[in-house]
There are 6 protein chains.
Amino acid sequence: MVYVTRKVHFNAAHRMYNPTWSKEKNQSVFGPCSNENWHGHNYELEVTVCGEPDPDTGYVIDLRLLNHLIEEKILNKVDHRNLNLDVDFMQGIIPSSENLAIAIWKELAPHITPPAFLYSIRLFETPRNFVEYKGETYIITKQD
Amino acid sequence: MVYVTRKVHFNAAHRMYNPTWSKEKNQSVFGPCSNENWHGHNYELEVTVCGEPDPDTGYVIDLRLLNHLIEEKILNKVDHRNLNLDVDFMQGIIPSSENLAIAIWKELAPHITPPAFLYSIRLFETPRNFVEYKGETYIITKQD
Amino acid sequence: MVYVTRKVHFNAAHRMYNPTWSKEKNQSVFGPCSNENWHGHNYELEVTVCGEPDPDTGYVIDLRLLNHLIEEKILNKVDHRNLNLDVDFMQGIIPSSENLAIAIWKELAPHITPPAFLYSIRLFETPRNFVEYKGETYIITKQD
Amino acid sequence: MVYVTRKVHFNAAHRMYNPTWSKEKNQSVFGPCSNENWHGHNYELEVTVCGEPDPDTGYVIDLRLLNHLIEEKILNKVDHRNLNLDVDFMQGIIPSSENLAIAIWKELAPHITPPAFLYSIRLFETPRNFVEYKGETYIITKQD
Amino acid sequence: MVYVTRKVHFNAAHRMYNPTWSKEKNQSVFGPCSNENWHGHNYELEVTVCGEPDPDTGYVIDLRLLNHLIEEKILNKVDHRNLNLDVDFMQGIIPSSENLAIAIWKELAPHITPPAFLYSIRLFETPRNFVEYKGETYIITKQD
Amino acid sequence: MVYVTRKVHFNAAHRMYNPTWSKEKNQSVFGPCSNENWHGHNYELEVTVCGEPDPDTGYVIDLRLLNHLIEEKILNKVDHRNLNLDVDFMQGIIPSSENLAIAIWKELAPHITPPAFLYSIRLFETPRNFVEYKGETYIITKQD
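Let us look at the structure shown here. (Residues numbered from 1 in each chain as written. Chains lettered and ligands numbered in written order. Predicted model: local features only at pLDDT ≥ 70, side-chain atom pairs only at ≥ 80, totals over all residues. Heavy atoms only, no water.)

1. With respect to the interface of chain E and chain D
- Across the contact, 22 residues belong to chain E and 22 residues belong to chain D.
- Across the chain E/chain D interface, buried area totals approximately 1600 Å², and carbon plus sulfur atoms make up 50% of it.
- On the chain E side of the contact with chain D, N37, N42 and H80 of chain E bury the most area, a combined 34% of that side's loss.
- Taken together, the connections running from chain E to chain D amount to 0 salt bridges.
- Our enumeration of links across chain E and chain D arrives at 15 residue pairs in polar contact (both at pLDDT 80 or more).
- Of all elements in the fold, only β1 (2-14), β2 (39-51), β3 (81-82) and β4 (117-126) of chain E reach the threshold of two or more residues within the side of chain E that touches chain D. (Contact = heavy atoms within 4.5 Å. Buried area = accessible area lost by both parts, 1.4 Å probe. Salt bridge = Lys/Arg side-chain N within 4 Å of Asp/Glu carboxyl O. Polar contact = N/O pair within 3.5 Å; in protein donor to acceptor, adjacent residues only side chain to side chain. Helix = DSSP H or I, 4+ residues; strand = E, 2+ residues; numbered from the N terminus.)

2. Digging into the arrangement of the chains
- If you take every C-alpha in chain B and every C-alpha in chain C, the smallest gap between them is 14 Å, and the two do not touch.
- Spatially, chain D is disjoint from chain F: no contact exists, and the shortest C-alpha separation is 14 Å.

3. Regarding helix α3 (residues 97-108) of chain A
- The first and last C-alpha atoms of α3 of chain A sit 16 Å apart over 12 residues, in line with the 16 Å expected at 1.5 Å per residue.
- In terms of burial, α3 of chain A is largely enclosed, as 10 of its 12 residues are buried.
- Of all the positions in α3 of chain A, only S97, E98, N99, L100, A101, I102, A103, I104, W105 and L108 of chain A are classed as buried.
- Check the buried side of α3 of chain A and you find it contacts β1 (2-14), β2 (39-51), α2 (63-78), β4 (117-126) and β5 (129-133) of chain A together with β1 (2-14) of chain C. (Expected span 1.5 Å × (residues − 1). Buried < 20%, exposed > 50% of the residue type's maximum accessible area, 1.4 Å probe, protein only.)

4. A look at the relation of the copies chain F and chain B
- Superposition record for chain F on chain B: RMSD 0.0 Å, screw rotation 120°, translation along axis 0.0 Å. Here the copies are linked by what is in effect a three-fold axis. When C-alpha positions in chain F are compared against the rotation axis, the closest is assigned to P127 of chain F, at 8.4 Å.
- Little of the interface of chain F is mirrored in chain B, where only 14% of its interface residues are also at the interface. (Least-squares fit on C-alpha atoms with pLDDT ≥ 70 in both.)

5. Some remarks on the relation of the copies chain E and chain D
- When chain E is fitted to chain D, the residual RMSD is 0.0 Å, and the transformation amounts to a turn of 180° plus an axial shift of 0.0 Å. On this basis, the relationship between the two copies can be described by a two-fold rotation axis.
- The share of interface residues of chain E whose copies in chain D are also at the interface is 100%, consistent with both copies meeting through the same surface.

6. Some words on the pairing of β2 of chain A
Residue and element names in this part refer to chain A.
- For β2, the tally of buried residues reaches 13 of 13 residues, placing the bulk of the element in the interior.
- On β2, burial covers both faces: H39, H41, Y43, L45, V47, V49 and G51 on one face and G40, N42, E44, E46, T48 and C50 on the other are all buried.
- Sheet analysis places β1 next to β2, joined by 13 bridges and oriented antiparallel. Looking across to β2, one finds that A13 is bridged to G40.
- As judged from the 7 bridges shared by β2 and β4, these two strands associate in the antiparallel manner. Across the sheet, residue V47 finds its bridge partner in β4, namely I121. (Pairing = 2+ DSSP bridges.)

7. Quick notes on the pattern of salt bridges
- The full count for this structure, using the stated rule, is 42 salt bridges over all chains.
- Ionic pairing is found between D62 of chain F and R64 of chain F, a salt bridge with its closest N-O pair at 3.4 Å.

This is the structure we're talking about:
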């Protein structure tokens, strides 16, 4: 099994905002990330697919096809957009990097079919802050 | 003479928009960069100062002082903000990278004093698009 | 479950030196890394925490809190310091990247509490040499 | 257990080409990657080894030894070469990144001996396309 | 005056080879760069244009137009190609980075028209080797 | 004329310390950079040479020769060393990045001979702090 990753770029505006909270509580919890006039990021998105390389092509997946899928399902909807206002698959979701990575997983997973499997969504909000989601829904017991 | 550079990071929302134009003309000229719900970037800002190293310290400028100056005059005003709405020194200015670099120069230049000189403002809007401003106000005749 | 990473920077001096060995053996085993007048690095440290995003905030952990924790427990003790001489949690430990990563894990783990879990310490000694520690204390049987 | 990674660089020419197919089918499946006059890449190769740090040295493996091994077994054979024509361990193998990563694993694995274990080969064909191979020969059942 | 840079990526095969020399002399002068089965690189190309920002747009040049120009005149001809065999504007030219940068300047300069001026072509052959050409045809007298 | 750059890496320990000052004044001026047990950095050094490409080779300078020169004259003396104690060409010089860049220029300049010229020494102390020296000994009058 080989893991194949395509890294793409988009930029977007957002703000951290919980609509069930007061303006003051949003400001207190989220600080400058809650600025009502928005802020934004250059996001880097890594989509990792895994599987056995096809004996005829040497590819787990044709990266041009994966790239087209990411463009159609994700980049066309988020690039140069407002994550709170403009993106259908983020409606009603607080646009943290965590929630955005989970939402991107849900958009892409149905379109990546055996013998290839979606393995991971890694999303860089800045070069120093990033998240990863692998479709896991449980907490692994950690050894100390 | 030595050139000394400090590189800092901020993120902000903006949109390209000329208020003297119709919505349609803004859309036509600026495309997705004019999205009315904003988009945003992780900006990287390089401030370069030049001068002779001080014989007692080996420094052209104490980078901690330069860093504090950039934080006070620039980062506190633009980080996690909207460049069109929130930034005093960008009022009435279309927030292209070019205009933002010139505006940052104007904010910093009065505070960098001999024997150090402000030499360059380099601003990365994305890792692939960046501008540089050196305070020049004329076009150099270029040889072919 | 989502994995959230904060990347920070510090620089420090160190030397590879086993005090139970002769100077010659240290020189023979560690080569220039054992230079008695020290050498140093710009370290990049990635701290990864995992957990479920909080429904109210969308965060696994507030990265500002994680950042403050890393500053207080690690950066204040190692930045611009000598890893062999100045750092309490490295006393008596050979300051290889491996041992430093394990020691950083031990410093941070008690302070990262459910529902968030410390998942990984990744430490870059140079852009081309890095280590990762996940708190594992056993060898996984590897298939060939 | 600690994971230790050494990152190295090489450049090489290749083309994607299945000799059992017609020229037209190669062109159709692989597109410009099948250009008969070759193209090439700056590859970045990350070799990860895992194990317990040696109490006497603090090292899982001496990175100079790992580096020499990579140079002798891999870089001397692929750097400034043609992956289709010049490399003994790629004879008869379509030089996709996937297949190259598997082949590099097979070359290195016999030479990394307990108490250290080869854990992963990560190969960047470009900064935006990369693969990873961990010696796994089965598909893990993925939860949705 | 502001300097605006667009950075793009391509990959290509080449070999260093002077057709007026013997095989032995080529091997002696160019070493592994002269491998007769080619090698290749991921090139990064920075194109810098300078001028005054347009008062109506804030742009020195619309980067989408500059990007389209670079794609049409350069990337379509060099990406996934052999610089010695496939590229019309490199016919009869030894494909060093120096010569390639000069040739790219000559291809682009006629198409960048006032009030914008082509200022620099910077070409990275690897992350550690790069060249820059600014259209200068003379040697500046250097002070010691 | 083309500018050709080779980028190399070294790591070293240093401290900012003026021996004509008291311990307190050193601490006050240099802060943690003056830590008496040293600290250190991964330095990145860019050496830029300019000239006309040789018609027979396409090279301004053979980068392997430039690389060997940098290794012999600089890297062998500074890598894994203490800049205050171990480096002959830094004796009696406060090891700021500014002074180190000037000293490296002085070491290399006599060995780079026409038709190639040493053009610039750029030294990164960290990814966010760097200096450049071009052999200039005067202050250019700057327009406001």
